[in-house]
Amino acid sequence: MPACTDMWPAARQLSFIESNMQYKLTAPKQINTTINLPASKSISNRALIIHALSCRNSAHELKDSEQFTLPQNLSDCDDTQVMIKALNDMPDVIDIKAAGTAMRFLTAYLSVTPGTHIITGTERMKNRPIKVLVDALRYLGADIEYMEKEGYPPLRITGKELEGSRLEIPGNVSSQYISALLLIGPVLKKGLEIELTGDIISRPYIDLTLHTMHDMGVKVEWSDVKTISTQHQQYAPKAFSIENDWSAASYWYEIMALSNDSSLTAQASDQVSIKLNGLTDGSRQGDSVVRYLFSMLGVKTSFENTHPGIPTTVTLKKVPTRLPRLDYNFINQPDLAQTFVVCCACMGIPFHFTGLSSLHIKETDRMEALIREMRKIGFVIKERNESELLWDGERCEPTMEPIDTYEDHRMALAFAPLCIKYPGLRINNPQVVTKSYPNFWNDLKQAGFIIEE
């Protein structure tokens, strides 16, 4: 078996200490910038688990020309860095901080990896449910104990070889549970067949897992509309490069959409341009739908080249047409919901967004956080059926209090562009962006935004 330990990069030093920091944001009069987006953390974290499973697989005999090379262009975000540190060090106690993907993926990985480990995280992480995944792994024979509250981290996991089997799991749970099981499927003795019951949410994230597994040399497929199957087989090491992140691109689309004649002169408006590097046309990332959604809000997307799978530069431009109202089901792209709630309201576009039930169990209760923070800038957003948000144009008296971020990176990222409409907008604890987009504030400065502490 090749030695993989030395191949892991040193993880960036992370700081999760609570901060009283506050940023005051002022937008430039004209925006014309080129941004190097971060790599996709969704793909990075899947590729890292696959890399680790490849490294530990003693049954695979390497040819002289083969090497277990790390994926290239790995994300530098907190979620990926805690994954690298855990896989590199494998301590007795693994603290994944606030990284939900790491909690789910590593829970499955540790279940098939010899040794006993405790996996834990922040207080919020200890209140994010994991019972569905633990029940599924236990059904497969995994040895997992709850250390504190039943159904929630921290967990004590004693890894061992698992037989594999056919199992059922609700399709309306976090797609990360399903992806975690799929990633370990090929190393199970009998493989794995998963039947998803009921409605399936976040299907693009499941498909992203399947595509990444395909790229790493295993056969896994939808055997029917609700069943995914993979046999016992070996992941094959190969060169693999991570594409840049369409979720991160969404905040630059928002900036472009909010830039209009109220903040730019008519002459300057024609010159407004944002270029985003490292995106691909036909991307497998579910959030790449952002290009189509923002086309309805007056933002045009142009690709420098459209070769499938080849990273290129995307140029964003304003166009004069836009929808008078936006209705959309975010069941497959829940991470875009905050961006569109904030953007549509501040563009004066009424909306009705559905498929948002998973927002309640993210880094914070994003439904509640959005309603509360939007009132600060004068918008009355309403919740319906615990899965819908709507705005019919109702306004309230704005207080312009600082925007709270609730230890949620996407609250800071989605609200920051509002300084175009509200100069001097203040955001509390802005450092939370390191969870997915560590260089965001520097990129804003590069684009001409003024950021004062």
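A.B. asks: Describe in detail the pattern of salt bridges, supporting the description with residues and values.
C.D. replies: Pairs can form between side chains of opposite charge whenever their charged atoms are close. Tallying each qualifying case throughout the model produces 26 salt bridges. We note a salt bridge from Asp-79 to Lys-435, for which the minimum N-O separation is 2.8 Å. Within this pair, whereas Asp-79 is found in helix α2 (residues 78–89), its partner Lys-435 is found in the loop between β18 (425–428) and α13 (440–446), the two being separated by 356 residues in sequence. Note on accessibility: Asp-79 and Lys-435 belong to one class, buried. Here Lys-131 makes a salt bridge to Asp-135, at a shortest N to O gap of 2.6 Å. Placement of both Lys-131 and Asp-135 in helix α4 (residues 131–139) is noted, with a separation of 4 residues, approximately one turn of the helix. If you follow the salt bridges from partner to partner, you end up with Lys-41, Asp-79, Asp-335, Lys-362, Glu-363, Arg-366, Asp-408, Arg-410 and Lys-435 in one network.

A.B. asks: Give a detailed account of the sheet that holds strand β13 (residues 312–318), specifying residues and quantitative values.
C.D. replies: What links the strands of a sheet is backbone hydrogen bonding, and the strands pair in either a parallel or an antiparallel sense. Taken in spatial order, the 4 strands line up as β2-β11-β13-β12 in an open sheet, and their pairing is mixed. Across the chains shown, the open sheet's two edge strands, defined by having one partner strand only, are β2 (32–36) and β12 (299–303). Geometrically, the sheet is characterised by an average inter-axis angle of 20° between neighbouring strands, direction not taken into account. In this sheet, β13 lies alongside β12 in antiparallel orientation, the contact comprising 5 bridges. Bridge pairing in β13 links Ser-302 to Thr-315.

A.B. asks: Residues and numbers for the packing of aromatic side chains, please.
C.D. replies: In the structure shown here, the tally under the stated rule is 14 aromatic pairs. Here the aromatic rings of Tyr-23 and Trp-441 are separated by 5.2 Å at their centres, their planes lie at 90°, and the arrangement is edge-to-face. Of this pair, Tyr-23 sits in strand β1 (residues 22–26) while Trp-441 sits in helix α13, and the two are 418 residues apart along the sequence. Residue Tyr-23 is classed as buried on the basis of its relative accessible area of 13%. You can call Trp-441 buried: its relative accessible area is 7%. Between Tyr-328 and Phe-330, the aromatic rings sit 4.8 Å apart at their centres with planes inclined by 75°, giving edge-to-face as the arrangement. Taking the relative accessible area as the measure of exposure, Phe-330 reaches 0% and is therefore buried. Following the ring pairs from residue to residue traces out a cluster consisting of Tyr-253, Phe-294, Tyr-328, Phe-330, Phe-340, Phe-351, Phe-353, Phe-379 and Trp-391. Taking the ring centre of Trp-222 as reference, the NZ or CZ of Arg-203 above it sits at 4.5 Å.

A.B. asks: Outline the environment of Ala-257, supporting the account with residue identities and numerical values.
C.D. replies: As for its placement among the helices and strands, Ala-257 is situated in helix α7 (residues 246–258). Linking Ala-257 and Ser-295, residues 38 residues apart in sequence, is a C-alpha distance of 9.4 Å. Those residues in contact with Ala-257 that sit more than four places away from it in its chain are Phe-294, Val-299, Lys-318, Cys-343 and Met-347.

A.B. asks: Before we move on, can you summarise the nonpolar core with the specific residues and values?
C.D. replies: Judged by nonpolar contacts, the single largest core of 78 residues is most densely connected at Trp-252, Tyr-253, Leu-276, Phe-340, Phe-415 and Trp-441. Here this core gets 10 residues from one element, more than from any other, and that element is α7. Those residues in contact with Trp-252 that sit more than four places away from it in its chain are Thr-33, Ile-35, Leu-37, Ile-274, Leu-276, Leu-316, Tyr-437, Asp-443, Leu-444 and Ala-447. Counting residues in each nonpolar core, the second largest holds 67 residues, with Ile-130, Leu-155, Ile-184 and Ile-194 among its members.

Thresholds applied
Residues numbered from 1 in each chain as written. Predicted model: local features only at pLDDT ≥ 70, side-chain atom pairs only at ≥ 80, totals over all residues. Heavy atoms only, no water. Salt bridge = Lys/Arg side-chain N within 4 Å of Asp/Glu carboxyl O. Helix = DSSP H or I, 4+ residues; strand = E, 2+ residues; numbered from the N terminus. Buried < 20%, exposed > 50% of the residue type's maximum accessible area, 1.4 Å probe, protein only. Pairing = 2+ DSSP bridges. Axes fitted to C-alpha atoms, helices over the stretch in contact; angles between N-to-C directions. Phe/Tyr/Trp six-rings, centres within 6.5 Å; stacked < 30°, edge-to-face > 60°. Lys NZ or Arg CZ within 6 Å of the ring centre and 35° of its normal. Contact = heavy atoms within 4.5 Å. Core = buried A, V, L, I, M, F, W, Y, C linked by side-chain atoms within 4.5 Å.

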